[in-house]
2 protein chains.
Amino acid sequence: MALKSWVASANDAKTDFPLANLPYGVFTHAHTTRIGVAIGDQIFDLRSAASESLLADLPDDVVDACTATTLNPLMALGPGAWSALRRRVTELLAESADAETQRKVAAMLVPMGDAEMQLPAQIGDYTDFYASIHHATRVGKLFRPDNPLLPNYKYVPIGYHGRASSIVVSGADIRRPSGQTKPAQANEPAFGPSRSLDYELEIGIFIGQGNALGEPIAIGGAEQHVFGLCLLNDWSARDVQSWEYQPLGPFLAKNFATTISPWVVPLEALAPYRVPMQARPEGDPAPLPYLAGGGDAIEVSLEVYIQSRRMGEEKIEPMRVSRGNLRDLYWSVAQLVTHHASNGCNLRAGDLLATGTISGPEQGSEGCLLEMKHRSDPVKLPTGETRTFLEDGDEVIFRAFAEKDGLPRIGFGSCTGKILPAI
Amino acid sequence: MALKSWVASANDAKTDFPLANLPYGVFTHAHTTRIGVAIGDQIFDLRSAASESLLADLPDDVVDACTATTLNPLMALGPGAWSALRRRVTELLAESADAETQRKVAAMLVPMGDAEMQLPAQIGDYTDFYASIHHATRVGKLFRPDNPLLPNYKYVPIGYHGRASSIVVSGADIRRPSGQTKPAQANEPAFGPSRSLDYELEIGIFIGQGNALGEPIAIGGAEQHVFGLCLLNDWSARDVQSWEYQPLGPFLAKNFATTISPWVVPLEALAPYRVPMQARPEGDPAPLPYLAGGGDAIEVSLEVYIQSRRMGEEKIEPMRVSRGNLRDLYWSVAQLVTHHASNGCNLRAGDLLATGTISGPEQGSEGCLLEMKHRSDPVKLPTGETRTFLEDGDEVIFRAFAEKDGLPRIGFGSCTGKILPAI
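About the cut-offs
Residues numbered from 1 in each chain as written. Chains lettered and ligands numbered in written order. Predicted model: local features only at pLDDT ≥ 70, side-chain atom pairs only at ≥ 80, totals over all residues. Heavy atoms only, no water. UniProt positions renumbered as here; feature names shortened; annotations may be inferred. Helix = DSSP H or I, 4+ residues; strand = E, 2+ residues; numbered from the N terminus. Buried < 20%, exposed > 50% of the residue type's maximum accessible area, 1.4 Å probe, protein only. Contact = heavy atoms within 4.5 Å. 1 Å grid on protein atoms, 1.4 Å probe; cavity = no way out; pocket = protein on both sides within 12 Å on 5 of 7 lines; lining within 4 Å. Buried area = accessible area lost by both parts, 1.4 Å probe. Salt bridge = Lys/Arg side-chain N within 4 Å of Asp/Glu carboxyl O. Polar contact = N/O pair within 3.5 Å; in protein donor to acceptor, adjacent residues only side chain to side chain. Nonpolar A, V, L, I, M, F, W, Y, C, P; charged D, E, K, R; others polar. Pairing = 2+ DSSP bridges.

A.B. asks: I'd like a rundown of the UniProt feature "active site" (unreviewed entry) in chain A, residues and numbers included.
C.D. replies: Residue and element names in this part refer to chain A. Per the UniProt record, "active site" (unreviewed entry) is found at His135. Its place among the elements puts His135 in helix α6 (residues 133-143). What makes His135 buried here is its relative accessible area of 3%. Look past the residues within four positions of His135 in its chain and what remains in contact with it is Tyr130, Gly140, Glu200, Thr357, Ser359, Cys368 and Glu371.

A.B. asks: Outline unusual backbone geometry, supporting the account with residue identities and numerical values.
C.D. replies: Residue and element names in this part refer to chain A. That bond from Gln246 to Pro247 is cis: its omega, 0°, falls within 30 degrees of zero. When you line up the elements, Pro247 lands in the loop between α7 (238-244) and β16 (258-260). The phi angle at Ala30 is positive, at roughly 50°, despite the residue not being glycine. If you trace the backbone, Ala30 turns up in the loop between β1 (24-29) and β2 (32-39).

A.B. asks: Go over the environment of His339 of chain B, please, and point to the residues and values.
C.D. replies: Tracing the backbone through its elements, the reader meets His339 of chain B in helix α9 (residues 333-341). Separated by 120 residues in sequence, His339 of chain B and Ile219 of chain B have C-alpha atoms that sit 8.5 Å apart.

A.B. asks: How would you explain the UniProt feature "binding site: substrate" (unreviewed entry) in chain A if you had to name every residue and give the values?
C.D. replies: According to UniProt, the feature "binding site: substrate" (unreviewed entry) maps to Tyr130, Arg144, Gln241, Tyr245 and Thr357 of chain A in the numbering used here. Checking the annotated residues one by one, the ones that line the largest pocket turn out to be Arg144 and Tyr245 of chain A. Since its relative accessible area comes to 14%, Arg144 of chain A is described here as buried. Beyond its immediate stretch of four places on either side in the chain, Arg144 of chain A contacts Leu150 and Tyr245 of chain A together with Pro247 of chain B. Summarising the element assignment, Gln241 of chain A is placed in helix α7.

A.B. asks: An account of the interface of chain A and chain B is requested, with residue identities and associated values reported.
C.D. replies: Residue-level contacts link 60 residues of chain A with 61 residues of chain B. For the pairing of chain A and chain B, the buried interface totals around 5300 Å² over both sides, and the portion due to carbon and sulfur atoms is 61%. On the chain A side of the interface with chain B, the three residues burying the most area are Arg163, Leu248 and Phe251 of chain A, jointly 15% of the side's total. The closest approach of N and O atoms between Asp125 of chain A and Arg163 of chain B, which form a salt bridge, is 3.5 Å. The interface formed by chain A and chain B contains 32 residue pairs in polar contact (both at pLDDT 80 or more). For the side of chain A that touches chain B, the elements supplying multiple residues, two or more each, are β6 (126-129), β7 (159-161), β10 (178-181), β11 (190-193), α7 and α9 (333-341) of chain A. Ranked by residue count, the leading element in the side of chain A that touches chain B is β7 of chain A, at three residues. Here the residues of the side of chain A that touches chain B are counted per class, giving 32 nonpolar, 20 polar and eight charged.

A.B. asks: How would you sum up the pairing of strand β20 (residues 301-307) of chain B? Please name residues and give values.
C.D. replies: Residue and element names in this part refer to chain B. Most of β20 sits out of view: seven of its seven residues are buried. Burial along β20 is two-sided: the residues Ser301, Glu303, Tyr305 and Gln307 and Leu302, Val304 and Ile306 are all buried. Sheet topology note: the β20/strand β21 (residues 319-325) ladder contains six bridges and is antiparallel. Of the residues in β21, the one forming a bridge with Glu303 is Arg323. Alignment of β20 against strand β25 (residues 395-404), held across seven bridges, turns out to be antiparallel. From the neighbouring strand, Tyr305 faces β25, where its bridge partner is Ile397.

Listed below in structure tokens is the structure:
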């Protein structure tokens, strides 16, 4: 039986933020920027909690971290600190809290509608993986019809470095990028607005405690370095990508913007939704020993919605265009972390890893528009409009939640962005 | 006729740091970390200069920036501020300075030998380009014998994002990385220490003033965003690289370490060494309009030295194994900056761009060991040892300088690292 909160909206069956979730974020309200915890439709202001001694039984470094304006100091403290803070916040928000506590904490709640969310952390480095074999296979077919899945895929958790500076928080508009593109039939490339703008449905993984340069992270301890998860949209200009990506990988096709959801769901909140990694198909190689036996999958439903400008004008709700699940990855979160550090590369608190586009095997679970090119039926919106790629004015909305019989649903909030025309 | 300094060592014909250079760096001395300017074999402590009112005629933001512990605030101020500070520092260190000034400044000099150099800036994002067509062609032959230079090369300044966290300052030891490698004749990859560890001779480009997300940088103004240059060694594990790099580019093959020299040579100091970009060979396409007419080349001699452990034990000086020149790039610094921001990607003060390995057309100008595989004669050290790739205990030393008749030589200092055995 799940604990209830004295914050009424946290007990609503439809909330993303019940007492069992308690994701962390950074918000601005009344001209100050603070760390908060989402509870129902409210934000519990941790800086006020720290300054009013509501966290006084916690170690000083935890209390100090709660007064910062990014989550980096808290992330750096590691799982013991995260658990202790989570326990304390749970006590403060549970209906078992005494009246005096409830009165004090109530004064530290800010309605979400009154707050402006910020990036949760200062992101030092951003790495994007390619952990969905279904995505890699479908996209590989388009770029390399004869050779969709390269020989390294089942051995190497393929990844590349993305751009940290252009990571924006949900709600920020996305300017359509310009770039060099070269249609197959053209002799020369031309520079202009991308005509193949796409989203990529991903989960972001915030690193907590880092590792020193030169010191790998063993697979058994990898999850101890993970603070929590968020939604991530790795916007992609496919026409720019196909022309530029050889031989050093995607660059300007991706680095114009990446959107993340503002709330970081603690790994601890997702514990009930862990499932064993799916057995690899017959004939696939076992992971090499440094990646073996590492980490569970996590069942998180993922949804993509689109609302075109016309839909907005006609008050038509966003339409769901696909649905996937985080569990459908070829590599676990632990394997991604261990592989990343296997050469001694140092991860730092606040670094962001992303899974890569998450797609399932079946039609309707494609994590980006590019993959839907294989489908006989293009994406058709309620207005009759169709979409091969995104049009100006389209808003893309990701949602995610973990659910299980008898447990409250743990949501990620949303990760949205609307396309502005090119300059 | 070049100005002389009252700091005697700055007038030595062999110094890297005459009055005409004045590179910026960050150093630690007597337990405090400060910004300094190299002059001869001394460091002029700019924080002391600021606090003793020697910079009092400069705008407050410039004076404040000189009291920081990274160069980021100064970088962010832009070319007007950089020129003003450079003029003032030149006046203070020139032999025309009055005796009272000389006495004051002399008290703010720290011998280089007593200081520990730090990274000059907090590097938000690190981007590595591939701007040497000679390097791209020689390496392309090894990875793709039939197709060394891909069709996009002469249109797109190819680049990719590197790792900011593992950038270290000259002198830091480099741990040999482990990783997955798969020899051509093997059926499966194996995990272990890289057997093909290489250096890459590059120039780093520190961004000064940034651009807002969504706002490109026109080619005509691109150099206004460049604070200065340093040496950069993009250490590479070739065996890891060849197995992992498809389809998303190099990742663990590179991100275990990148070394930069501690002194950032202002672009203004290099003005006398500008030369027009070499005409593109007959038949090569002109740069697309957004990259056209942009920027000069800069004549900077580049040298690579190796000292093996045995050479060190036998007191044999490091041996020069190659020599190149920054002018031999297919793309100018301005073109790299403009291309990077052409999709609206935001560059920030302190971001680091690198040219990619700088190689010339002729034998002896290869910027990495990988390219020398084409040579009939392998690298042979004075001890009789040969090198296809780096061995444990090898120290790699880069040096760079600009020189011209009648002008003092402007040096970059050195960029060094010694290989430690794998864990």
